[in-house]
Amino acid sequence: MILLLGIPTESPLALVRGRLDELGAPYLLVSQRRFEDVPFRFQVSQGRVTGELTVDGKRYALEDFTAVYTRLMDHQSLPEVANEPQEAPRRLLARDWHDAVLRWYEIAPIRVVNRTAPMGSNSSKPFQAQAVTRRGFFTPETLITNDPELARAFIAEHRRVVFKSTSGIRSIVREVDEDDLRRIDAIRSCPVQFQAYVEGRNVRVHTVGDEVFSTGISTEATDYRYAHRQHGEPAVLEAVEVSDDLAAQCRALARDLELPFAGLDLKITPADEVYCFEVNPSPAYSYYESHTGQPISAALARYLVGGASHS
C-alpha cells in the first residue's frame, strides 16, 4: 500500500491520487491537518522499523506501506495552530506528530518521494551548486555578499545581473535596475545572491526515477513563474525534447542528490551551453503538467507502485 501525506486538495497530491486510482493501486491518503485524530507511532527494535497509524478507527501497520509520497507543509503554518501560542498543547501536538512521521519515513526501508535529509541540499544554493558543477552543468558567475561595494563592483563588471535568495525559501528572481542600485546599502542586513544574467531559453526538467520530462518556457520576464507580474503576459510552456546526453546528465544529478523526484531549472544558451540554476526537491509539477499535458503524475504514480518490489 502507498501512503500519501499532505493537503488532499493540493494539486500535486490530487493528481497522483487520481493516477493511482487509474492504476487500481491501493493507497491511504492522510491529511496532515488531522494530526489530532490520526494517532501515529513507530519503534525500532532489532533492526526492524514497526508501528501503526489509525484513521477513522481503522489501524494500519506501517510495515504494510511500500512507498510514501510526502507533500507535508510546515506544521507551524497549518490553520489549526497558526493562531495558537508557541507552547500551546495543540501546537506541540502538531509538532510532535509531524516530527514522528518525518523520522519514520526517513529510516523506513521503503520507497520515499522524497526523504528529508536529501531535500536539505536545496536549503543552500551555494552548496547545491557544487553538486551541479560536478555533473558538468554550467553555473552563472555568482557573488554572495552583504557588502554594497562588492555588489556594485560585480554589477559594474557584468552589467546585466539578477539577484535572489541564497536559501531554499522561494524568492522572485529580478534583474538589478536603477532603483535597486539606489537602495543597495540595505543588503548589509542580509546576504544576497547576485548572478550574471544568462541569455537563453528556460527549460524545466522533471526526473521521476529514470523517466525525464522537459518543458520549454518562452517569456521576456526574468522569472517566468511571475511572468505576468514582471512583463504583463504569462509565460508560454510547451513539451520539448532534450538530447539523450542531457537527459542522462539530469538523471545523474538527481541521483547524486538522492532525489527520486526532482525539478531541474535549466537555461540553454544560443551556444548550447546548459546552465543549471537549481534542483527543486519537492517540485510543484502540476503547473507544468497542466500547461503541457506531460504525464508527470502518471510517472510518479508508477514509481510509487514500483516500490512494492523494493521494500
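Summarised in this report is the structure supplied together with it. (Residues numbered from 1 in each chain as written. Predicted model: local features only at pLDDT ≥ 70, side-chain atom pairs only at ≥ 80, totals over all residues. Heavy atoms only, no water.)

## Overview of empty space enclosed by the protein
Cut-off, in case you're wondering: Method remark: on a 1 Å grid restricted to protein atoms, a set of points is classed as a cavity if a 1.4 Å probe fits but cannot get out and as a pocket if it is open with protein on both sides within 12 Å along at least five of seven lines; lining residues have an atom within 4 Å of a point. Grid points are joined across faces, edges and corners, and a volume is the space filled by probe spheres set on the points. Here the term charged refers only to Asp, Glu, Lys and Arg, the term nonpolar to Ala, Val, Leu, Ile, Met, Phe, Trp, Tyr, Cys and Pro, and the term polar to all other amino acids, Gly among them.
With the rule as written, the count across this model stands at one cavity of 30 Å³ or more. The volume enclosed by the largest cavity comes to roughly 60 Å³. Tyr-69, Thr-70, Arg-71, Val-113, Asn-114, Met-119, Phe-261, Pro-281, Ser-282 and Pro-283 are the residues that line the largest cavity. For the lining of the largest cavity, the per-class residue count stands at six nonpolar, three polar and one charged.

## Let's talk about the sheet that holds strand β5 (residues 58-61)
Here is the rule: Two strands pair if DSSP finds at least two bridges between them. Put simply, DSSP H or I for four residues or longer makes a helix, DSSP E for two residues or longer makes a strand, and each gets a number counted from the N terminus. The axes are straight lines fitted to the C-alpha atoms, using for helices just the contacting stretch, and the angles between their N-to-C directions are given from 0 to 180°. Residue contacts are defined here by distance: any two heavy atoms, one from each residue, within 4.5 Å place the two residues in contact.
Taken in spatial order, the three strands line up as β3-β4-β5 in an open sheet, and their pairing is antiparallel. Where the open sheet ends on each side, the last strands, each with one partner, are β3 (40-45) and β5. Within this sheet the neighbouring strands show an average axis-to-axis angle of 15°, counted without direction. Here helix α2 (residues 89-107) sits on the sheet in contact with β3 and β4 (48-55), set at roughly 40° to β3.

## What about the nonpolar core?
Stated formally: Side-chain atoms within 4.5 Å link the members of a nonpolar core, which is a set of buried Ala, Val, Leu, Ile, Met, Phe, Trp, Tyr and Cys residues. Burial classes: relative accessible area under 20% of the type maximum marks a residue as buried, over 50% as exposed, and values in between as partly exposed (1.4 Å probe, protein chains only).
One finds Leu-4, Tyr-69 and Leu-300 to be the most contacted residues of the largest nonpolar core, which totals 27 residues. For this core, the elements supplying multiple residues, two or more each, are β1 (2-6), α1 (11-23), β2 (27-31), β6 (67-70), β13 (211-218) and α10 (296-305). A per-element tally of this core places α10 first, with six residues. In contact with Tyr-69, other than residues within four places in its own chain, are Leu-3, Leu-4, Leu-5, Pro-12, Leu-13, Val-16, Val-113, Phe-261, Tyr-285, Leu-300 and Leu-304.

## Examining α1
The test is simple: Expected helix span is computed as 1.5 Å times (number of residues minus one). To obtain the arc, one takes the directions from the helix axis to the C-beta atoms.
End to end, α1 covers 18 Å across 13 residues, agreeing with the expected 18 Å (1.5 Å per residue, within 8%). Pro-12, Leu-13, Val-16 and Leu-20 are the residues of α1 that are buried. End-on view of α1: buried residues confined to an arc of 95°, all on one side of the axis. Looking at the buried residues of α1, the elements they touch are β1, β2, β6, α9 (286-292) and α10. A positive phi of about 70° marks Gly-24, the residue just after α1.

## Considering the pairing of strand β12 (residues 201-208)
Counting buried residues in β12 gives seven out of eight residues, a clear majority hidden from the surface. Bridge analysis of β12 against strand β15 (residues 261-268) gives eight bridges, and the strand direction is antiparallel. Pairing of Thr-207 across the sheet is with Ala-262, part of β15. In the sheet, β12 pairs with β13 via seven bridges, with the strands oriented antiparallel. Among the inter-strand pairings, Asn-202 is bridged to a residue of β13, identified as Ile-217.

## What about the environment of Val-279?
Positionally, Val-279 belongs in strand β16 (residues 274-280). As for Val-279 and Ala-129, which are separated by 150 residues in sequence, their C-alpha atoms are 9.1 Å apart. If we skip the residues at most four places from it in the chain, Val-279 touches Asn-122, Gln-128, Val-132, Leu-253, Leu-257, Leu-259, Ala-262, Gly-263 and Leu-264.

## Here's the deal with the environment of Ser-297
Put simply, the rule reads: Whenever a nitrogen or oxygen atom comes within 3.5 Å of another N or O atom, the pair is scored as a polar contact, on the condition that within protein one atom can donate a hydrogen and the other can accept it, and that pairs from neighbouring residues in sequence are kept only if both atoms are in side chains.
Examined against the element boundaries, Ser-297 turns out to sit in helix α10. Relative accessible area serves as the criterion here: at 0%, Ser-297 is assigned to the buried category. Excluding its chain neighbours within four sequence positions, the residues that come into contact with Ser-297 are Leu-15, Val-16, Arg-19, Tyr-285 and Glu-289. A polar contact of 2.8 Å, which involves the side chain of Ser-297, links it to the side chain of Arg-19.

## Observations regarding unusual backbone geometry
Omega for the peptide link from Val-113 to Asn-114 comes to -15°, which places this bond in the cis form. Mapping Asn-114 onto the fold places it in the loop between β7 (111-113) and α3 (116-119). Phi is positive for Glu-258, close to 60°, though the residue is something other than glycine. Note on placement: Glu-258 falls in the loop between α8 (244-256) and β15. Residue Glu-258 is classed as exposed on the basis of its relative accessible area of 57%. Phi is positive for Asp-272, close to 65°, though the residue is something other than glycine. Tracing the chain through its elements places Asp-272 in the loop between β15 and β16.

## Digging into the packing of aromatic side chains
Centre distance and the angle of the planes are the two values used to describe a pair of aromatic rings. Selection rule: Pairing of aromatic rings covers Phe, Tyr and the six-membered ring of Trp, with a centre-to-centre limit of 6.5 Å; geometry is then stacked below 30 degrees between planes, edge-to-face above 60, and tilted otherwise.
Per the counting criterion, the structure on display carries six aromatic pairs. The interplanar angle of 65° and the centroid separation of 5.7 Å between the aromatic rings of Phe-261 and Tyr-285 together place this pair among those described as edge-to-face. Of this pair, Phe-261 sits in strand β15 while Tyr-285 is found in the loop between β16 and α9, placing the two residues 24 residues apart along the sequence. For the pair shown, Phe-261 and Tyr-285 are each scored as buried. What links up through ring pairs into an aromatic cluster is the set Phe-40, Phe-65 and Trp-104.

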